Amino acid sequence: MQEKDVISNSSAPILDIDHVSMSYANGSVRAVDDLSFSLKRGEIFGFLGANGAGKTTTLKMVTGILPVKSGSIKVCGHDITFDAIEAKRNFGFVPDSPIIFDKYTGREYIDFLGDIYGVEKSRRESVTAELLELFSLKDAFDKRISGYSHGMKQKIAIIGSLIHSPDLWILDEPMMGLDPQSSFALKELMKKHKAEGKTVFFSTHVLDVAEKICDRVAIIGKGKLMLCGDMDEIKRAKGDESLEEIFLSVAGETHE
């Protein structure tokens, strides 16, 4: 089967993490330990774990920020190690701490990303106008990002991650720094992304948010996959416990 057939096949995983491990301190600290799971098209997938569980390390490998030294990761059929450019064309990423070229204005930053992804001007203007309105950021769009608050930087990072309408939208603790209204708007965007047949993959500490909007979740503890599956099925199997109760029972407490 040709690669383009794999990518267009709706049954193929949009993200496939296969036996991935990552160690620090000359191998003495295993941050991610033989992790395997995959994401389907048209779902919201929550990645849950305490501080130090390995969530951010995993997302950094998925996005190519950290090298995959053991195992493999594929995005829309493209290996992030051997076909990084094509893999990166298919996702948008919002890191846990927005690192943005703060000498740019918001508009210059979005235009920069639009140029990288080859987004037509009319398309980027349409997407940007809608999201600026949603996040009440219009008045700051032509101001330098260096003058933005943390929450405003988070918003412009979210807008930038969606400028090319990625099939896979990856967010690391996206609610941090957002006011309640913006958090609500972000959750609605996640639902819209799913409704368009695309996939949301986000890590979070906010278990009640995950419980309300996720189709499936994975719980990671000390780098290991502790539980992964359909949200409703997991709750039924655990006696209709809340996600918080399930999380505490399988992951316990993990600290940095």
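Note that this is a predicted model, so its numbers are computed, not measured. (Residues numbered from 1 in each chain as written. Predicted model: local features only at pLDDT ≥ 70, side-chain atom pairs only at ≥ 80, totals over all residues. Heavy atoms only, no water.)

### Section: the environment of Arg 216
Tracing the backbone through its elements, the reader meets Arg 216 in strand β9 (residues 216-221). The spatial distance from the C-alpha of Arg 216 to the C-alpha of Ile 116 is 32 Å, given a sequence separation of 100 residues. Not counting chain neighbours up to four residues away, the residues in contact with Arg 216 comprise Ser 38, Leu 39, Lys 40, Glu 43, Ile 44, Phe 45, Gly 46, Cys 228, Gly 229, Asp 230 and Met 231. Looking at Arg 216, its side chain comes within polar contact range of the side chain of Glu 43, at 2.7 Å. (Helix = DSSP H or I, 4+ residues; strand = E, 2+ residues; numbered from the N terminus. Contact = heavy atoms within 4.5 Å. Polar contact = N/O pair within 3.5 Å; in protein donor to acceptor, adjacent residues only side chain to side chain.)

### Comments concerning the layout of surface pockets
Sizing a probe to match a water molecule and rolling it over the atoms shows the empty space that remains. If you add up the space inside the largest pocket, you get close to 670 Å³. As for the largest pocket, its lining consists of 20 residues, of which Phe 91, Phe 93, Tyr 109, Leu 113 and Tyr 117 are closest to the centre. Those elements giving two or more residues to the lining of the largest pocket turn out to be α3 (84-89), β6 (91-94), α4 (106-117) and α6 (150-162). Counting residues per element, the lining of the largest pocket draws most heavily on α4, at five residues. (1 Å grid on protein atoms, 1.4 Å probe; cavity = no way out; pocket = protein on both sides within 12 Å on 5 of 7 lines; lining within 4 Å. Points joined across faces, edges and corners; volume = space filled by probe spheres on them.)

### Quick look at helix α2 (residues 55-62)
Burial runs high along α2: six of the eight residues are buried. Three or more residues of α2 are buried, namely Lys 55, Thr 57, Thr 58, Leu 59, Met 61 and Val 62. Following α2 by one or two positions, Gly 64 adopts a phi angle in the positive range, close to 85 degrees. (Buried < 20%, exposed > 50% of the residue type's maximum accessible area, 1.4 Å probe, protein only.)

### A look at helix α7 (residues 180-195)
End to end, α7 covers 23 Å across 16 residues, agreeing with the expected 22 Å (1.5 Å per residue, within 8%). Regarding α7, its N-cap is Asp 179, as a side-chain oxygen of that residue lies 3.1 Å from the backbone nitrogen of Gln 181 further along. Count one or two residues on from α7 and you reach Gly 197, which has phi positive near 85 degrees. (Expected span 1.5 Å × (residues − 1).)

### Brief notes about the sheet that holds strand β7 (residues 168-172)
The six strands lie next to each other as β6-β7-β8-β3-β9-β10, forming an open sheet whose pairing is mixed. Edge positions in the open sheet fall to β6 and β10 (224-230), since each of these has one partner strand only. Pairs of neighbouring strands in the sheet enclose a mean axial angle of 15 degrees, with direction left out of account. By the bridge criterion, four bridges tie strand β3 (residues 44-48) to β9 in an arrangement that is parallel. Looking at β9, one finds that Phe 47 is bridged to Ala 218. Contacts between α6 and the sheet are confined to β6 and β7, with β6 contributing the most and set at about 175 degrees to the helix. (Pairing = 2+ DSSP bridges. Axes fitted to C-alpha atoms, helices over the stretch in contact; angles between N-to-C directions.)

### A few points about the pairing of β3
In terms of residue burial, β3 counts as a mostly covered element, since five of its five residues are buried. Sheet analysis places β3 next to strand β8 (residues 199-204), joined by five bridges and oriented parallel. When the bridges of β8 are listed, Phe 45 appears paired with Phe 201.

### Some points on the nonpolar core
Judged by nonpolar contacts, the single largest core of 48 residues is most densely connected at Ile 156, Ile 158, Trp 169 and Met 190. Leave out the neighbours within four places in its chain, and Trp 169 touches Gly 92, Val 94, Ile 158, Ser 161, Leu 162, Leu 186, Leu 189, Met 190, His 193, Thr 199, Val 200 and Phe 201. If you look at the next biggest cluster of nonpolar residues, it comprises 27 residues, including Ile 17, Leu 39, Leu 59 and Ile 73. (Core = buried A, V, L, I, M, F, W, Y, C linked by side-chain atoms within 4.5 Å.)

### Some words on the packing of α4 against α6
Remark: α4 packs on α6, axes separated minimally by 9 Å, with the N-to-C direction vectors making an angle of 25 degrees. Classified by the angle between their axes, α4 and α6 sit roughly parallel to one another. Of the two elements, α4 crosses α6, and the hand of that crossing is right-handed. Of the residues in α6, those touching α4 at Gly 106, Tyr 109, Ile 110 and Leu 113 are Ile 156, Ile 159 and Gly 160. The residue makeup of the contact of α4 with α6, split by class, is five nonpolar, two polar and no charged. (Parallel < 35°, antiparallel > 145°, perpendicular 65-115°, else oblique. Left-handed = near helix turned anticlockwise from the far one by under 90°. Nonpolar A, V, L, I, M, F, W, Y, C, P; charged D, E, K, R; others polar.)

### Focus: the pairing of strand β2 (residues 29-39)
The side chains of a regular strand alternate between both faces of the sheet. Judged from the seven bridges that link them, strand β1 (residues 15-24) and β2 form a sheet pairing that is antiparallel. Within β2, the residue paired with Ser 23 across the bridge is Arg 30. The hairpin turn running from β1 into β2, its antiparallel successor, is four residues long, and Ala 25 in that turn takes a positive phi close to 55 degrees.

### Considerations on the confidence of the model for the chain
Mean pLDDT for the chain: 90, with 94% of residues reaching 70 or above. Taking the mean pLDDT of every element in the chain, the minimum, 38, falls on helix α1 (residues 3-8) and the maximum, 98, on strand β5 (residues 78-79). (pLDDT = per-residue confidence, 0-100.)

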